[in-house]
Amino acid sequence: MNISIVGTGYVGLVTGTCFSELGANVVCMDTDEVKISKLKKGIIPIYEPGLTELVERNYPGRLRFTSLISDAVAHGDIIFISVDTPTLADNTSDLTNIYNAVRDIALCMTGYKVIVNKSTSPVGTGQSIKREIQSILKMQGKPFDFDMVSNPEFLREGNAVVDFMCPDRIVIGAESIKALEIIEELYARQAALGIPLVSTDIETAEMVKYASNAFLAAKISLMNEIANLCELCGSDAGIVSEAVGLDKRIGRHFLNPGPGFGGSCFPKDLRAMLGIAKDNGYTPKIIKSIIDVNEEQKVLMFRKIKKTVGRLKGKTVTVLGLSFKPGTDDIRESPSIAIIRKLLDGGAKVKVYDPQAMKNTQSQNPDLNVQYCQNTFSASIKTDCIVLATEWDQFVCLDFDHLKKLVRTPVFVDLRNVYNSDDVKKYGFSYTGVGRS
Ligand code: UDX
């Protein structure tokens, strides 16, 4: 099968590379020529476990990179659109990149194509793309047929390759049997593993993506609220979450209390849902609360740190972890950065260390006046508090014995509930977790 991917960002690169690994001939296209020339040299612009190896195995060969849309459209029988759709100030999604891509695709079309939208975009975007392509083809006097499909992605950063190869489900929103069969064939390898293919109309497929993210984010915000309550009542949120999660109707995943969710999807997609609802004259109360609780959680985590440290002025706080979760160098909407900003505003000196995300933090937050350190130990010298903000593997087995000799004050704040309080206290540190008294 010949596939083209228009938009070689995180989703596009993972999708294209994985399809090539599964046997398709793939062209990944991006208007960013620097990115494409780097990819051609084997330089992968993101940190994603397993991706580099897959690119190396398939490029050159079944995987190709180009900055020319004409090249991509000529190559692909199936053309995926995977460009970014940032949220605007009024919570609506900026679809400029999608429509630019769509127009370019339509202008280059010379025959039947299946156009698949993978970019997360408001319900109705698929139909609107279809109308746009129809009108361009008509204007150009091109009598070609094409099919529009919505095929949302559910890739977790840090786990994207596995999530692509072995997802919980594949959702295909199509209007014609022909297009449905083409996309089903594309995913035949996954279907053969028993992965369910959900076929539906375009609008429903578009909503599945938002609904999934809303459910997952709701679990986190609800658990964070319960954890805050646990703290006040003397209950242990870790055990509460474990016991609650054993109820199959609730499930064990996404019940870890912490500093709130971040990343490129949950915050953006929930805000976009508010925008979609507003456009339709509806105010969803729960979705708004999920966002509010998440914002509040960062403030509460800052207050928690402040309470353990006392007056922040003149104090040094070490923050371990900058990415919004482990396994990625992505710092978008990272609760860690939001908390660091509050600590700096409060007058603390902040030392940070992250195994992957320091470069992104420096380039995307040039005003963040922190001291970047080379490892956990150098970040902990003469500090008054160590805050575990992101649960990277190397922070899950800290050498407290050695840390005790480096710090000024042995205070440990565990925003991910990685440790048992007694295991930390036995080294002479005070311990504060989330949802534990
Ligand atoms: C998410 C969805 O999981 C994925 O399906 C979708 O396509 C994109 O958005 P991602 O943003 O990569 O993926 O991260 P995810 O692993 O879902 O975590 C999101 C945030 O929730 C992180 O900040 C994480 O730390 C937080 N989280 C997760 C919790 O605070 N508690 C939990 O129990 C689980």
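Residues numbered from 1 in each chain as written. Predicted model: local features only at pLDDT ≥ 70, side-chain atom pairs only at ≥ 80, totals over all residues. Heavy atoms only, no water.

Under an unreviewed UniProt entry, the protein has the name UDP-glucose 6-dehydrogenase and belongs to Anaerobacterium chartisolvens. Heading Pathway (unreviewed entry) of the UniProt record for the protein holds this comment: "Nucleotide-sugar biosynthesis; UDP-alpha-D-glucuronate biosynthesis; UDP-alpha-D-glucuronate from UDP-alpha-D-glucose: step 1/1." (UniProt positions renumbered as here; feature names shortened; annotations may be inferred.)

Counting residues in hydrophobic clusters, the biggest one holds 49 residues, and the most contacted among them are I305, V317, V319, L343 and F412. When contributions to this core are tallied by element, the ones reaching two or more residues are α10 (202–233), α13 (285–309), β9 (316–320), α14 (335–345), β10 (349–353), β12 (385–388), α18 (400–406) and β13 (411–414). Leave out the neighbours within four places in its chain, and V319 touches S336, I340, L343, V350, K351, V352, Y353, V387 and A389. Ranked by size, the runner-up nonpolar core spans 39 residues in total, among them L22, L51, F80 and A174. (Core = buried A, V, L, I, M, F, W, Y, C linked by side-chain atoms within 4.5 Å. Buried < 20%, exposed > 50% of the residue type's maximum accessible area, 1.4 Å probe, protein only. Helix = DSSP H or I, 4+ residues; strand = E, 2+ residues; numbered from the N terminus. Contact = heavy atoms within 4.5 Å.)

Time to look at the sheet that holds strand β5 (residues 113–117). Pairing is mixed across the open sheet formed by eight strands, whose spatial order is β3-β2-β1-β4-β5-β6-β7-β8. One side of each edge strand has no neighbouring strand; the edge strands of this open sheet are β3 (63–66) and β8 (197–200). The sheet shows a mean angle of 25 degrees between the axes of neighbouring strands, direction not considered. As paired elements, strand β1 (residues 2–6) and strand β2 (residues 25–29) share five bridges and run parallel to each other. Of the residues in β2, the one forming a bridge with N2 is N25. Relative to the sheet, α10 contacts β6 (146–150), β7 (170–174) and β8, its axis offset from that of β7 by approximately 145 degrees. (Pairing = 2+ DSSP bridges. Axes fitted to C-alpha atoms, helices over the stretch in contact; angles between N-to-C directions.)

An order of β11-β10-β9-β12-β13-β14 is seen for the six strands of this open sheet, with the pairing classed as parallel. In this open sheet, the two strands that pair with only one neighbour each are β11 (371–372) and β14 (430–432). Sheet topology note: the β9/β12 ladder contains four bridges and is parallel. Across the sheet, the residue bridging to L320 is L388, located in β12.

On to the packing of α13 against α14, then. Here α13 crosses α14 at 50 degrees, and the two axes come no closer than 9 Å. As judged from the angle between their axes, α13 and α14 are oblique. Handedness of the α13/α14 crossing: right-handed. Note on element contacts: α14 touches α13 through P335, A338, I339, K342 and L343, opposite K298, V299, M301, F302 and I305. Taken together, the residues of the contact of α13 with α14 break down into eight nonpolar, no polar and two charged. (Parallel < 35°, antiparallel > 145°, perpendicular 65-115°, else oblique. Left-handed = near helix turned anticlockwise from the far one by under 90°. Nonpolar A, V, L, I, M, F, W, Y, C, P; charged D, E, K, R; others polar.)

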